[in-house]
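Below are the chains, spelled out letter by letter.
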Amino acid sequence: MNEVKVLLVDDDPIDAKLLAEHLSRVRKTKYHLVHVTRSGQAFSHLKSQSYDIVITDYYLGDTDGVTLIHRLREINQSIPIIVITGSDSDEIDEQVMTAGAADYLPKEELSSSTIDRTIRHALERARYLSKLEYLANRDPLTGLANRSMFEEELSRAIAISSRHNHQFAVLLLDLDRFKEINDTLGHNVGDLLLTIIGNRLQKLLREEDVIARIGGDEFAILLQQTSGIDDISLICSKILAGLSEPTPINESSLFVSTSIGVAFFPDNGTSSVDLMQKSDLALYKAKVLGRNKYSFFSHDLQERLHYETTIEKALREDIDRNHFELYYQPKYNLHTEKLTGFEALIRWNHPELGFISPADFIPVAEKTGLILELSDWITETACKQLHEWNNLGASDLGMAINMSAKQVRKAAFFEHLRNFLTQYKLNPASIELEVTESLLVDSSIQNINFFRELKAIGIQLTLDDFGTGYSSLSYIKNFPIDKLKIDRSFISGTHANQQQMSIVQAIIQLAHALKMHVVAEGIETQEQAFKLKHMNCDEAQGFWYYKPLPKDKATELVINFIAQENEQTTD
Ligand code: C2E
Ligand code: MG
Ligand code: MG
């Protein structure tokens, strides 16, 4: 038999008794009735005990039905409330229904069956509503709150914390490289991983913390009443450690890491939009710092963003003008010590902003897609330059050009490159395209084919910055890579030490075994050059030889090179 617990609020003992009798006559449902006479008693009952439904008289000595419904709703959002009135008036009907009552019953219509039916229907509707509410507020995959519920909770926290002068923190979490997992291992694995992450977060945090999944691999957390940065740092470390535990999936273990951005109410923002934006900025910084890190919002960060916006605007305005220039950094054969070619590196000297580093504007150009236009110009300028040097008599020099992720699988890029090769009469093998590891992680057939087609026209492919990304040689096998360029952090970075050097040694041996050439970038001292030579590294580039040079200086170097070569042949 169904059991339903009813809280009856009625200041008239006779009416209450009558209702109790009606309910006791219902056979299919057992009604447990608790009767209180004043609204205050009703509030404390509702706070301390659980009820299925409230039935209340419209006229109570100390308050009226509409106020009562509002107060009850504050205590319990979802409990159905049925209002009983002495008079059957449309006005009262409308009032109580808009205030959120589930139904309204005139006293003269009271009978066992009408009350029973009204209650059953109200409960049914409440159940249905709560299901709808669940669906509207929850992320179906993880069962966590969704974005809209998170924003609602955030607004509530803002209202309460402003009243009580409390501080709280918003954390945004983003799984590092989730897209790659999804793309390579499939969506089922991706979904499973997200569910596991959701569960872990729930275990790592307190019950009163709001945890939400607000996008693909983005989670948001609201930590109420926090005592400050030290507190949050501890929690962040705990989350990072907890989430980076290996995840057993399909008999193997998946390792994921997370980045976290933190913003505080009220110091960093006082509206939900503001707080979400600030924590997103902090998240961005955490990602830049190198993943599996957390970072707090700071005003420097704001400045940085402002700088990026300025760069973006300047890029759009400047893209057709002549403020870009290509510099050329020489590369040398470590054994013969001869010049082998150059790497083309873009420089931007903005008339007002001054010199802007490619490390600053290339990412912005990539984000906005402006890189495509820029890269076309870079490729043509570099090809034309090599053509000029060839005309001077330097037929064996190579030109390395950095390729952007945005150019991958672009037919136009391919076509232009082919045209430049013909137009400037270049030996395709003298052009080296430098790609980064992130471009090769997608080993879909389309991606592999794109690089194979590039290779088929005869150009060389170099893997740039090797060692900073996946550093896995296994996926490289799928791509026709000719050269590895060891990242400069291994060579001249502050962390370059004996251990790094043995890694470098291993990379060189492995690359040679896979029939690839090895270039080391960032050589700043003679000692580094010497060591690399003895490790059998093939080529080198770095400030110790030359910094990237403007066109004229590079041309001088080429002229000297040609003269030396000619001298040797005449000797
Ligand atoms: P990258 O392709 O790895 O280029 C090498 C960077 O290391 C260059 O920085 C170069 O100036 C610097 N470098 C070379 N030797 C040394 C050294 O001995 N010590 C130190 N500390 N640094 C050295 P740059 O020119 O600032 O370029 C930074 C990055 O911007 C490049 O890294 C590349 O990823 C990107 N980039 C530069 N030019 C282009 C371009 O024309 N197209 C595209 N898509 N990206 C470019
Ligand atoms: Mg490069
Ligand atoms: Mg590099």
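Keep in mind the model is a prediction, meaning the values are calculated, not measured. Within every chain, residues take consecutive numbers counted from 1 along the sequence as written. Labels follow written order: the first chain is A, the first ligand is 1, and so on. Given that this is a predicted model, residues contribute local features only at a pLDDT of at least 70 and side-chain atom pairs are listed and counted only at 80 or more, while totals for whole chains, interfaces and linings are drawn from all residues. Computation of side-chain values covers all heavy atoms of the structure but excludes hydrogens and water.

*Asks:* Would you mind showing me how to read the environment of Leu-254 here?
*Replies:* Secondary structure is summarised from DSSP: a helix means a run of H or I of at least four residues, a strand means a run of E of at least two, and numbering begins at the N terminus for each. Assignment of secondary structure puts Leu-254 in strand 10 (residues 252-254). Along the chain, Leu-254 and Asn-268 lie 14 residues apart, while their C-alpha atoms are 35 Å from each other. Residues contacting Leu-254, with those up to four places away along its chain left out, are Ile-181, Leu-185, Val-189, Glu-245, Pro-246, Thr-247 and Ile-249. Any two residues whose heavy atoms approach within 4.5 Å are treated as being in contact.

*Asks:* So what exactly am I meant to see when it comes to the site of ligand 1 here?
*Replies:* A single heavy atom is enough: if one lies within 4 Å of a molecule or strand, its residue is considered near that molecule or strand. The immediate surroundings of ligand 1 are formed by 20 residues, with Asn-402, Asp-464, Arg-488, Glu-524 and Phe-543 found nearest. Contacts to ligand 1 include Asp-464, whose side-chain N or O atom sits 2.8 Å from an oxygen atom. Counted as a polar contact is a pair of N or O atoms within 3.5 Å, where, for protein atoms, one must be capable of donating a hydrogen and the other of accepting one, and residues adjacent in sequence contribute only when both atoms are in side chains. At 2.8 Å from an oxygen atom of ligand 1 is found a main-chain nitrogen or oxygen belonging to Phe-543. Look at ligand 1: alone it shows 800 Å² of surface, and the protein chains cover 85% of it. Counting residues per element, the ones that place at least two in the shell around ligand 1 are strand 14 (339-350), helix 12 (358-368) and strand 18 (460-466). Examining the composition of the shell around ligand 1, we find that four residues originate from one element, strand 14, more than from any other. Under the scheme applied here, ten amino acids are nonpolar (Ala, Val, Leu, Ile, Met, Phe, Trp, Tyr, Cys and Pro), four are charged (Asp, Glu, Lys and Arg), and all others, including Gly, are polar. Its residues assigned to classes, the shell around ligand 1 shows eight nonpolar, four polar and eight charged. Note that accessible areas follow from Shrake-Rupley with a 1.4 Å probe, and for residues the cover is restricted to the protein chains shown.

*Asks:* What exactly am I supposed to notice about the coordination of the magnesium ion (ligand 3) here?
*Replies:* Each pair of donors in an ideal octahedron of six around a metal sits at 90 or 180 degrees, and each pair in an ideal tetrahedron of four sits at 109.5 degrees. For Na, K and Ca the donor cut-off is 3.2 Å, and for all other metals it is 2.8 Å, counting N, O and S atoms only; because water is absent from this set, sites may look incomplete. Protein coordination at the magnesium ion (ligand 3) comes from Asp-464 (OD), Asp-465 (OD), Glu-521 (OE) and Glu-521 (OE), with a distance range of 2.0 to 2.5 Å. Mapped onto the polypeptide sequence, the residues donating to the magnesium ion (ligand 3) form the spacing pattern D-D-x55-E. In this structure, the magnesium ion (ligand 3) is positioned 4.0 Å from the magnesium ion (ligand 2), and both are ligated by Asp-464. Of this pair, Asp-465 sits in strand 18 while Glu-521 sits in strand 20 (residues 517-521), and the two are 56 residues apart along the sequence. For the exposure calls, accessible area comes from a 1.4 Å probe over protein chains only, and a residue counts as buried if that area is under 20% of its type's maximum, exposed if over 50%, partly exposed in between. The exposure class assigned to Asp-465 is partly exposed, which follows from its relative accessible area of 24%. Given a relative accessible area of 10%, Glu-521 falls into the buried group.

*Asks:* Honestly, unusual backbone geometry in this entry has me stumped. Any pointers?
*Replies:* A negative phi angle is the norm for most residues apart from glycine, just as the trans form is the norm for most peptide bonds. In the segment running from Phe-265 into Pro-266, the intervening peptide bond is cis, with an omega of 0 degrees. Looking at the element boundaries, Pro-266 is found in the loop between strand 11 (258-265) and helix 10 (272-289). Positive phi, close to 60 degrees, is recorded for Arg-409, a residue that is not glycine. Checked against the element boundaries, Arg-409 lands in the loop between strand 16 (398-402) and helix 14 (411-423). Looking at Arg-409, the relative accessible area reads 42%, which means it is partly exposed. In this structure, Asn-536 takes a positive phi of about 75 degrees despite not being glycine. Here Asn-536 lies in the loop between helix 19 (526-534) and strand 21 (539-541).

*Asks:* Can you walk me through the side chain of Thr-258 in this structure?
*Replies:* Tracing the backbone shows Thr-258 in strand 11. With sequence-adjacent residues up to four places away left out, Thr-258 is seen in contact with Leu-173, Asp-174, Leu-175, Asp-176, Leu-240, Leu-243, Arg-291, Asn-292 and Lys-293.

*Asks:* It is not clear to me how a nonpolar patch on the surface should be interpreted in this structure. Could you clarify?
*Replies:* Patch building starts from residues that exceed 30% relative accessible area and form no salt bridge, then joins like charges within 9 Å and nonpolar side chains (Val, Leu, Ile, Met, Phe, Trp, Tyr) within 5 Å. Take a side-chain nitrogen of Lys or Arg and a carboxyl oxygen of Asp or Glu: if they are within 4 Å of each other, that pair is a salt bridge. Where nonpolar side chains cluster on the molecular surface, the patch consists of Tyr-128, Leu-129, Leu-132, Tyr-134 and Leu-135 and spans about 570 Å² of accessible area. Relative to the helices and strands, Leu-135 resides in helix 5 (residues 112-137). On the basis of relative accessible area, Leu-135 is assigned to the exposed category, the value being 61%.

*Asks:* Hey, could you run me through the nonpolar core in this one?
*Replies:* Among soluble globular proteins, nonpolar side chains are generally buried collectively. Buried Ala, Val, Leu, Ile, Met, Phe, Trp, Tyr and Cys residues that are joined via side-chain atoms within 4.5 Å together make up what is termed a nonpolar core. Formed by 81 residues in total, the largest nonpolar core has its most connected members in Phe-342, Met-399, Phe-451 and Leu-454. Among the elements that line this core, the one with the most residues is helix 13 (residues 371-392), at seven residues. Setting aside anything within four residues of it in sequence, one finds Phe-451 in contact with Met-403, Val-408, Val-435, Leu-439, Leu-440, Leu-461, Phe-479 and Pro-480. By size, the runner-up hydrophobic cluster in this structure holds 31 residues, among which are Leu-144, Ala-169, Leu-193 and Leu-201.

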